[in-house]
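Here is what each chain is made of, one letter per residue.
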Amino acid sequence: MNIPPHLIKAFTPTGKLRASINLGNPILANRDAATGEPVGVSIDLARAFAGRLGVGIELVVFDTAGKSVDAVTQEQADIGFFAIDPLRGEGISFTAPYVLIEGSYMVPQGSPIQSNEEVDRPGHRVTVGKGSAYDLYLSRELRQAQIVRAPTSPTVVDVFVAQGLEVAAGVRQQLEGDARRFPGLRLLPGRFMVIQQAMGTPKGRGPDAAELLRQYVEDMKASGFVAEALARHGIQGASVAPPSVAAAAQ
């Protein structure tokens, strides 16, 4: 695929592709237990995109989604991997989603709360990772429950347990792992939201750059790359997003 030089330059103003990586979402990125290097679906996609552009890559690693969003919005990184959200969209051009992730609630074993619909009640405190997609979504949706923000998504259950709160919210896989660390917790059935995880680039890079990234994501879904990456990294609780409407119409 021949990519015009001006588009390659749009993605690489420093000469390399700087990819913002959020380690706060274990479905997308983590650290290799042996080497400490970032690994995961988002890293695989970033490296493959750098390969398509024919450039080197620099991973810019953060521990929260909010910091990763800020890096791309402020053009300290050229691409990133985020849950689609209107607030984030003010400074970032998103592709269609490449992965769908379930958001779930967790409560103490003895809690009277039995369903997702019972969470938004007076007196309930819901723990979320500060700046995460769950934080943005629940800040808009919850009317009666109070939101308590943990420093990062991986520390949600630690804060939830330490402060004796009523509900924890986050990536289902993360919560299931934390339930093994803290006995006496249970997940509510079903999900309260589905996160559309997409790639994004600063809006200032222009519509042609955004379209190139959009097409790249569609290609990687259609080729099986995303599905193979999920399987290779042993990821559960996520599924490959369907083709976008624009792609399906072509």
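In what follows, the structure referred to is the one given above.
No experiment lies behind these values; they were computed from the predicted model shown. (Residues numbered from 1 in each chain as written. Predicted model: local features only at pLDDT ≥ 70, side-chain atom pairs only at ≥ 80, totals over all residues. Heavy atoms only, no water.)

Student: Tell me about the overall build of the protein, and name the residues and values.
Tutor: Within the protein, the regular secondary structure consists of nine helices and 13 strands. Here the C-alpha radius of gyration of the protein, 19 Å, is about what a compact globule of 250 residues would show, namely 18 Å. The C-alpha extent of the protein, read off along each of the three principal axes, is 60 × 40 × 30 Å. The buried share among the 250 residues of the protein stands at 53%. Contacts spanning at least 24 positions in sequence make up 71% of the contacts within the protein whose residues lie at least 6 apart. Of the roughly 11,100 Å² of accessible surface on the protein, a fraction of 52% belongs to carbon and sulfur atoms. Each charge sign in the protein was given a centre, from 24 positive and 25 negative side chains, and these centres are 1 Å apart. (Helix = DSSP H or I, 4+ residues; strand = E, 2+ residues; numbered from the N terminus. Rg over C-alpha atoms; globule rule 2.2 N^0.38 Å. Buried < 20%, exposed > 50% of the residue type's maximum accessible area, 1.4 Å probe, protein only. Contact = heavy atoms within 4.5 Å. Areas by Shrake-Rupley, 256 points an atom, 1.4 Å probe, with all protein chains shown as cover. Lys, Arg positive; Asp, Glu negative; His and termini not counted. Charge placed at Lys NZ, Arg CZ, Asp CG, Glu CD.)

Student: Hey, could you go over the packing of aromatic side chains for me, with residue numbers and the actual values?
Tutor: On inspection of all chains with the given rule, the structure shows seven aromatic pairs. Measuring from centroid to centroid gives 5.1 Å for Phe 11 and Phe 49, while their planes differ by 80°, and the two rings are edge-to-face. Remark: Phe 49 occurs in helix H2 (residues 41–53) and Phe 11 occurs in helix H1 (residues 5–11); sequence separation between them is 38 residues. A network of ring pairs unites the aromatic residues Tyr 105, Tyr 134, Tyr 137 and Phe 192 as a single cluster. (Phe/Tyr/Trp six-rings, centres within 6.5 Å; stacked < 30°, edge-to-face > 60°.)

Student: Break down the nonpolar core for me, with residues and values.
Tutor: Ranked by internal contacts, the top residues of the largest apolar core, which has 55 residues, are Phe 11, Leu 45, Ile 79, Tyr 98, Tyr 105, Val 126 and Leu 138. In terms of residues, this core owes the most to one element, H2, which gives seven residues. If near-sequence neighbours (up to four positions away) are discounted, Ile 79 is found in contact with Phe 11, Leu 17, Arg 18, Ala 19, Ser 20, Ala 46, Phe 49, Val 72, Met 199, Gly 200 and Leu 213. Counting 13 residues, the second largest nonpolar core, distinct from the first, contains Val 148, Ala 150, Leu 165 and Ala 168. (Core = buried A, V, L, I, M, F, W, Y, C linked by side-chain atoms within 4.5 Å.)

Student: An account of the packing of H2 against helix H7 (residues 207–222) is requested, with residue identities and associated values reported.
Tutor: Each packed pair of helices is defined by two parameters, the angle between the axes and the distance between the axes. Running from N to C, H2 and H7 point in directions that differ by 120°, and their axes come no closer than 12 Å. Considering the angle they form, H2 stands oblique to H7. Read as a crossing pair, H2 and H7 show a hand that is right-handed. Contacts from Leu 45, Ala 48, Phe 49, Arg 52 and Leu 53 in H2 reach Leu 212, Leu 213, Tyr 216, Asp 219 and Met 220 in H7. Classifying every residue of the contact of H2 with H7 gives eight nonpolar, no polar and two charged. (Axes fitted to C-alpha atoms, helices over the stretch in contact; angles between N-to-C directions. Parallel < 35°, antiparallel > 145°, perpendicular 65-115°, else oblique. Left-handed = near helix turned anticlockwise from the far one by under 90°. Nonpolar A, V, L, I, M, F, W, Y, C, P; charged D, E, K, R; others polar.)

Student: Would you mind going over the environment of Gly 190 in detail, with residue names and values included?
Tutor: Take Gly 190: it is sitting in the loop between strand S11 (185–187) and strand S12 (193–202). Between the alpha carbons of Gly 190 and Gln 76 there is a distance of 38 Å; along the sequence they are 114 residues apart. Leave out the neighbours within four places in its chain, and Gly 190 touches Ser 104, Asn 116 and Arg 172.

Student: Let's hear about the packing of H2 against helix H8 (residues 225–232): which residues, and what values?
Tutor: One way to put it is that H2 packs onto H8 with a least axis distance of 9 Å and a crossing angle of 140°. The angle between H2 and H8 falls in the class oblique. The handedness of the crossing between H2 and H8 comes out as right-handed. Within the contact between the two elements, H2 uses Val 41, Asp 44, Leu 45 and Ala 48 and H8 uses Phe 225, Val 226, Ala 229, Leu 230 and Arg 232. Among the residues forming the contact of H2 with H8, the class breakdown is seven nonpolar, no polar and two charged.

Student: Report on helix H3 (residues 65–73), specifying residues and quantitative values.
Tutor: By the burial criterion, the buried members of H3 are Ala 65, Ser 68, Val 69, Ala 71 and Val 72. Within H3, the buried residues cover an arc of 160° as seen down the axis, which keeps them to one side. As for H3, its buried residues are in contact with strand S1 (17–22), strand S4 (57–62), strand S5 (79–83), strand S6 (92–94) and S12. Just beyond H3, the residue with positive phi is Glu 75, at close to 60°. (Arc of directions from axis to C-beta.)

Student: Could you give an account of the side chain of Gln 197, naming the residues involved and the relevant values?
Tutor: On the secondary structure map, Gln 197 appears in strand S12. Under the relative-accessibility criterion, Gln 197 is labelled buried at 4%. At a separation of 3.5 Å, a polar atom in the side chain of Gln 197 contacts the main-chain carbonyl oxygen of Phe 82. When sequence neighbours within four positions are dropped, the list of residues in contact with Gln 197 reads Asn 25, Leu 28, Phe 81, Phe 82, Ala 83, Pro 97, Tyr 98, Val 99 and Ile 101. (Polar contact = N/O pair within 3.5 Å; in protein donor to acceptor, adjacent residues only side chain to side chain.)

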